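Commentary on secondary and tertiary structure
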Amino acid sequence: MSFEIKLPLFEGPFDLMLFFIERDELDIYDIPISKITNDFLEYIHQLEKMEIEVASDFILFAATLMKIKSRMLLPRPELNEKGEEVDPREELIRNLLEYKKYKSVIEEMAQMESLRLSKEKRGNLAQELLELSKNEDVEAEMQHVDLYKLLKVFQKCMARLASRVDETKHTVIQYPYTIEQQKDFVLEKISFKKQVPFEEFIQFNPEKIFVIYTFLAILELLQLSLVTIIIGDGYNNFWVEKTEPIAAA
């Protein structure tokens, strides 16, 4: 026989405090600090028993509650500048009211967002995910998945990876061309003719890598103002012409 323990998760210590107050229908302006402190510590202890990491802000908040509790047990109450008794819970109550106010606004905005999404004709992500889950029955599949099964699948995958004989190999090919080499090749070609069509470079060596390196070399020469480009005849054809040096005045 197995049993399951479920603890509600809270966004922060103030969220947990509001849960206790609403659950026990307590007066937020007159918080029974002893009871709230015990409930808070019990929740933290339950998390620790389940080996769930407790956030530092929960621990700090628990220490604050214990400090308030000890101050309320002192025989002499604290007085302010006007001689009035100071309630140690005053700051806690003020922060709780602020948190409650912002939380209600966030919940209202979340409802507005949900309503706005339901009115979208296109790109309604929530509706699309719902439809996909219905078609694929994802939830039914996930009901049968537990941590043990996931670990077994992971173990099989790792064993298969360890027993694999053929390793993935990556081969790096060193091409017998460089940009500098092709720049010299282009300059040599256009030194014999005033204009050389790009097709002629392709006819010299139609290998794809050779053509790519030659084209990149022409672009660099163009940037260095050593050649100019003239649109030629034919589909995607152009002429490469050597740039004449400008005579000094």
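Shown above is the structure to which this text applies.
To start, this report covers the structure provided alongside it. Here the residue index of a chain counts from 1 through its sequence in written order. Selection of residues for local features in this predicted model requires a pLDDT of at least 70, selection of side-chain atom pairs for listing and counting requires 80 or more, and totals for whole chains, interfaces and linings are taken over all residues. With hydrogens and water excluded, all non-hydrogen atoms of the structure serve as input to the side-chain values.

When DSSP locates at least two bridges between a pair of strands, those strands are taken to pair. Strands here are runs of E lasting at least two residues and helices are runs of H or I lasting at least four, both read from the DSSP assignment and numbered beginning at the N terminus. Strands sit in the order β1-β3-β2 across an open sheet of three strands; the sheet is antiparallel. Unpaired on one side and paired on the other, β1 (195-197) and β2 (227-231) mark the two borders of the sheet. Ignoring which end each strand starts from, the neighbouring axes of this sheet average 30 degrees apart. Both β1 and strand β3 (residues 238-242) contribute to a ladder of three bridges, which runs antiparallel. Fitted lines through C-alpha atoms serve as axes, helices being fitted only where they are in contact, and the angles separating the N-to-C directions of these axes extend from 0 to 180 degrees.

Our next topic: the pattern of salt bridges. Definition used for salt bridges: Asp or Glu carboxyl oxygen within 4 Å of a side-chain nitrogen of Lys or Arg. Here the structure, examined in full by the defined rule, presents nine salt bridges. For D39, the salt bridge is made with R23, and the minimal N-O distance between the two is 3.2 Å. Of this pair, D39 sits in helix α2 (residues 33-49) while R23 is found in helix α1 (residues 13-23), placing the two residues 16 residues apart along the sequence. Through salt bridges with shared partners, a single network forms among R23, D24, K35 and D39.

This paragraph deals with the environment of D15. Along the chain, the position of D15 falls in helix α1. Placed 84 residues apart in sequence, D15 and Y99 show a C-alpha to C-alpha distance of 8.1 Å.

Turning our attention to the pairing of β3. As paired strands, β2 and β3 are joined by five bridges and run antiparallel to one another. For I230, the partnering residue across the bridge sits in β3 and is W239.

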